[in-house]
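# Tertiary structure, described
So you can see what is in the structure, the chains are spelled out below.
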Amino acid sequence: MIHLKVNGTHHEVAAAPGRRLSDVLRHDLGLTGTKVGCDAGDCGACTVLLDGAATCACLTPVAQAQGRHIETIEGLSGPGPSALQRAFLRHGAAQCGICTPGMVMAAEALLRGEQKPDRQAIEAALGGVLCRCTGYAKIIDAVLDASGSGAGPEPDAAASVGARVERLDGVPKVLGAEAFGADVLPEGALWVRAIRSPHAAARFAFGDLKGWAAAQGVAVFTAADVPGRNVSGVIPAFVDQPALADGHVRLAGEPVALVAGARDVVLALDMAQAPIAWQPEAAVLDVATARAGDARQLHASRADNLLIAGVVRRGEAAEAVAKADHVVSGQFTTGHVEHAYIEPEAGAAWMEGDVLNIRACTQAPVLDRDETAAVLGLPQDKLRIRPAATGGGFGAKLDLSVQPLIGLVTLLTGRPSVMVYGRAESMLASTKRHPAQMTATLAADADGQLTGMLFDGDFDTGAYASWGPTVAVRVPVHASGPYAVPNYAAEARAIHTNGPVAGAFRGFGVPQAAVLQETLLDELADKVGMDRLAIRRKNALTESAETVCGQTVQGVGIGACLEALQPRWDAAQIAVAGFNAQNSGKARGIGVASCWYGCGNTALPNPSTMRMGITTDGRICLHQGAMDIGQGANTVIAQIAADAVGFPVHQLEVLDADTGVSPDCGKTSASRQTVVSGKAALLAGQSLRAQILQMANMGPDARISLQGGHLRISEAGATREIDLSALPVGAEGYVLMAEETYDPPTEALDEHGQGVPYAVYGYGAQLAEVEVDLALGTVTVLKITAAHDLGRVINPLLAEGQIEGGIAQGLGMALMEEFVPGRTENLHDYLIPTIGDIPEVVSHLIEVPDPEGPMGAKGLGEHVLIPTAPAILNAITDACGARLTQLPARPDRVLAAIKAAKERSG
């Protein structure tokens, strides 16, 4: 027995001395506020206080905590959040919430020892805790506020759209009470692990697998046990990925079998000892090999390893290039990028009667239900997806992970089951950003007006389809950037290899294309002799302009975004010139890049349905099925709905995504939820308001209030009351209810990519200021000024957080993030930005309303990452002449590019 004092309470725990303190806290004491993201001390999510010092609980043997005072996030607050936790709420410092307990505990340790720390002290104290969502800026602001060193924003009490409303679901996040996939485990559950392939390509056969499993005291399941269709996918026409491989694997880490049993037994198993005879095949690991004439075909139905090609052609691009006054051409290569959310995939399954229930992290609960039901051979009404909180997603949690695996175990055994990925397993099994090999040519007339563009790209989609079709189709639409290009030809191909499956990752291929297009635009400006910001302003799309798809666009905000950057652009040029005149070992530069992004599915149906209802006792409920993965859907959509019906937003009760409770709001992807689900919420709110006004016989300007079980409607001095308890209750449990669906008006693209791929576009531009060490090749980003057009800013606080978080991911993509299978499957070797890597970010929220968006609103989440990397690369070139053609811009690549630049200049 080990004696522990936790949050002032004494506990006796039967535990081996070497067990991780984090494991004991979570599984023996039920203190799941201590999160686990890596079990290696890399992420800091498990930070607790040991005798007041911030400590990684995952690296601490429980025996070392005996006799010491342990404090977890659960012990920090009283009846409500502490002052520090309140500051996190005020500043929007918690997004998905998975890192928040670690951040709060590290900040608590700092503030106990230093009452008024400065930014440098905060960065040092919190440097061991990683956040993938926020970009850290608001975390620093919150700690400064809590210490009295910074001014905290005043929360808006009753306002809705346009107000800095605190995250409605924020309190559980800062308290550590938010329940993620690994936090709620059914009693007596079987623990499940996958046996995964060590080879990228191989045939295999099982020996006496069941005998081996029986000797270990576990059950085993293979493809032969799958009762339904043993393939799934995110796009119906491209379903191709087995739940469990059947005799043939196409990538390293592909699951071939499951074992299930007691937790301690399953976690101790050496899966490499399972009796499996492997016959490795020569792996196709790059696009060049995959496209070679003699390449082995990964899928018999996909000749030349081509999954799909997307094309957009307008005008005569080749002729325009040939006749242009100025032409620049280039190529660019990007590699795999890992999502690196702090929460590894996890979930639980159990039966309720004859209905299988699955609770797991996800971005797409209805998709999970439909695909998992198909794998398990179940009618959809016999499977309920009850999503856990999702600790970051960024696209990868759109694909199935644990859902069909735990569903299979529970369905076949009748017992609850649990599956929790470790960090290495998460990075091995999850999707990545598509590596790209791209070429492009830009052409302009003598005055710098774009006349034509050619673009060609191969995107490595890995072993299975995932979101490869979406990337291949979306890239040609966007590769022009937000500019008027009258003659255009673009093609993008998704190519199969035996590499990691490449799926959705914040931008669906557009960030890769933007890197080439925006760096070439800088070269073109140099050739024309124009200022780099000026050439963008000259060519920016304008109101009622036609895009490269022939679509006439409205609510075009790119010009306003670029205009907003002009003052800082002018000032930064002077500052950079002054610095460079006085320094020789380091050089500074500035760069600019733009973006545009269509909100929602590309030229496909994209509906969302929202339900609002009022109960007899006066509760107003919003069935909000759009998964909130940290971006703020639970708050932003509630703000829209509240304004539409005329209630204060805090009076709404938000019922989260759950296939048994809420209508289908589609996937949280493609920056669609504010636009599509927000519009559905607007329509539902307006419909509910119209019902109330009709019952009261009041006009459209009447004020509605809800007091207990009574609705009060007032207009021009007259007031009427409706007794809700006197009204009949409908089938859904409401006395008044509205349910509305919205599907953005799009048109299919023809064979030349002409049509209306998106109903709403968002726009943005960023200015990066960097410093390059000319001897070491290291790049420090000093400041980023970001101007993004949101159409209508629903919540400025959350919008700023999205911008800062997207910039952090874009900075990682530009300078450090490079996933190498077999080498970087942890958060130590795979580098993501820490709190010390993030520059000052200045956000300009631009409002050019879109006539189709709800209250004029546009999407934001993906847009904000797109311009960051090219702006940084353009700033590096401005500083030292180095033109990078491969990401990330590692020091060795920067030094090689500096050398090449010197050789070019003679």
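Rules and cut-offs
Residues numbered from 1 in each chain as written. Predicted model: local features only at pLDDT ≥ 70, side-chain atom pairs only at ≥ 80, totals over all residues. Heavy atoms only, no water. Helix = DSSP H or I, 4+ residues; strand = E, 2+ residues; numbered from the N terminus. Rg over C-alpha atoms; globule rule 2.2 N^0.38 Å. Buried < 20%, exposed > 50% of the residue type's maximum accessible area, 1.4 Å probe, protein only. Contact = heavy atoms within 4.5 Å. Areas by Shrake-Rupley, 256 points an atom, 1.4 Å probe, with all protein chains shown as cover. Lys, Arg positive; Asp, Glu negative; His and termini not counted. Charge placed at Lys NZ, Arg CZ, Asp CG, Glu CD. Phe/Tyr/Trp six-rings, centres within 6.5 Å; stacked < 30°, edge-to-face > 60°. Lys NZ or Arg CZ within 6 Å of the ring centre and 35° of its normal. Axes fitted to C-alpha atoms, helices over the stretch in contact; angles between N-to-C directions. Left-handed = near helix turned anticlockwise from the far one by under 90°. Nonpolar A, V, L, I, M, F, W, Y, C, P; charged D, E, K, R; others polar. Pairing = 2+ DSSP bridges. Salt bridge = Lys/Arg side-chain N within 4 Å of Asp/Glu carboxyl O. Core = buried A, V, L, I, M, F, W, Y, C linked by side-chain atoms within 4.5 Å.

This part takes up the overall build of the protein chain. The secondary structure content of the protein chain amounts to 23 helices and 33 strands. Computed over the C-alpha atoms, the radius of gyration of the protein chain is 27 Å, within 12% of the 29 Å expected from 2.2 N^0.38 for a compact globule of 906 residues. Each of the three principal axes of the protein chain carries a C-alpha extent, and together these read 85 × 75 × 60 Å. Taken over 906 residues, the protein chain has a buried fraction of 61%. Looking at the protein chain alone, contacts between residues at least 24 apart form 77% of all its contacts between residues at least 6 apart. Of the accessible surface of the protein chain, which amounts to about 30700 Å², a share of 50% is contributed by carbon and sulfur atoms. In the protein chain, the 69 positive side-chain charges and the 98 negative ones have mean positions that sit 2 Å from each other.

Another aspect to go through is the packing of aromatic side chains. Scanning the entire structure with this criterion turns up six aromatic pairs. Taken together, the ring pairs connect Phe204, Phe206 and Trp278 into an aromatic cluster. The ring of Tyr421 has Arg196 sitting right over it, with the charged end atom 5.2 Å from the ring centre. If you follow Lys397 out to its NZ or CZ, it ends over the ring of Tyr341, 4.1 Å from the centre.

Now for the packing of helix α4 (residues 100-113) against helix α6 (residues 137-147). Contact geometry of α4 with α6 gives a least axis separation of 11 Å together with a crossing angle of 35°. The way α4 lies across α6 gives a crossing that is right-handed. Residues Met103, Ala107, Leu110 and Leu111 of α4 pack against Ile139, Val143, Ala146 and Ser147 of α6. Among the residues forming the contact of α4 with α6, the class breakdown is seven nonpolar, one polar and no charged.

Time to look at helix α1 (residues 21-28). Across the eight residues that make up α1, a large majority, six, are buried. One or two positions beyond α1, positive phi appears at Gly30, with a value near 70°.

Further remarks concern helix α15 (residues 468-478). Of all eleven residues making up α15, ten are buried, and the element is well covered by its neighbours. Here α15 has its buried residues at Gly468, Pro469, Thr470, Val471, Ala472, Arg474, Val475, Pro476, Val477 and His478. Elements that come into contact with the buried residues of α15 comprise β12 (306-314), β21 (450-462), β22 (488-496), α16 (510-528) and β23 (586-598).

With respect to topology, five strands assemble into an open sheet ordered β12-β22-β21-β20-β13, the strand pairing being mixed. One side of each edge strand has no neighbouring strand; the edge strands of this open sheet are β12 and β13 (326-334). For this sheet, the mean angle separating the axes of adjacent strands, direction not counted, is 5°.

Sheet topology places strand β28 (residues 710-715) next to strand β29 (residues 718-723); six bridges connect them, and they run antiparallel. Residue His710 lies in a different strand from β29, and its bridge partner there is Asp723. Turn length for the β28-β29 hairpin, with the two strands adjacent in sequence and antiparallel, is two residues, and the turn residue Ala716 shows positive phi of about 50°.

Right, let's talk about the pattern of salt bridges for a bit. Within the structure shown, the criterion is met by 52 salt bridges. In this structure, Arg112 and Glu71 form a salt bridge, with 2.8 Å as the shortest nitrogen-oxygen distance. Here Glu71 lies in strand β5 (residues 69-71) and Arg112 lies in helix α4, a separation of 41 residues in the sequence. The partly exposed category is assigned to Arg112, whose relative accessible area is 45%. Given the relative accessible area of 13%, Glu71 is considered buried. The partner of Arg119 in a salt bridge is Asp141, with the nearest N and O atoms 2.9 Å apart.

On strand β1 (residues 2-6), burial follows the alternation: Ile2, Leu4 and Val6 on one face are buried, whereas His3 and Lys5 on the facing-out side are not. Here β1 pairs with strand β2 (residues 9-13) via five bridges, running antiparallel. If you follow His3 over to β2, its bridge partner there is Glu12. Between the antiparallel neighbours β1 and β2 lie two residues, among them Asn7 with a positive phi of about 55°.

What follows concerns the nonpolar core. Phe455, Leu524, Val772, Leu815, Ile872 and Ile876 are the most contacted members of the largest nonpolar core, which has 113 residues in total. Among the elements that take part in this core, α16 stands out by supplying ten residues, more than any other. When near neighbours in sequence (up to four residues on either side) are disregarded, Ile876 contacts Val770, Val772, Val779, Leu815, Gly881, Ala882, Leu884 and Ala889. If you look at the next biggest cluster of nonpolar residues, it comprises 53 residues, including Ala106, Val143, Ala340 and Ile838.

Turning next to unusual backbone geometry. A negative phi angle characterises most non-glycine residues, just as the trans form characterises most peptide bonds. Cis geometry is found at the peptide bond from Leu887 to Pro888, where omega equals -5°. As for its position among the elements, Pro888 is in the loop between α22 (868-880) and α23 (891-905). Despite not being glycine, Asp304 shows a phi value in the positive range, around 60°. Mapping Asp304 onto the fold places it in the loop between α10 (287-291) and β12. Phi at Met855 takes a positive value of approximately 55°, unusual for a residue other than glycine. Looking at the element boundaries, Met855 is found in the loop between β33 (840-846) and α22.

Once that is clear, we can look at the sheet that holds strand β26 (residues 652-655). Here four strands make up an open sheet; going across it, the order is β26-β25-β24-β30 and the pairing mixed. The sheet is open, and its two borders are formed by β26 and β30 (736-742), each paired with just one other strand. Neighbour-to-neighbour, the strand axes of this sheet turn through a mean angle of 20°, independent of strand direction. Alignment of strand β25 (residues 620-623) against β26, held across four bridges, turns out to be parallel. Residue pairing for β26: Ile620 is matched across the bridge by Leu652. Helix α19 (residues 633-645) contacts β24 (608-614), β25 and β26 of the sheet and is inclined by roughly 135° relative to β26. Against the sheet, helix α20 (residues 673-696) contacts β24, β25 and β30, and its axis sits at roughly 145° relative to β30.

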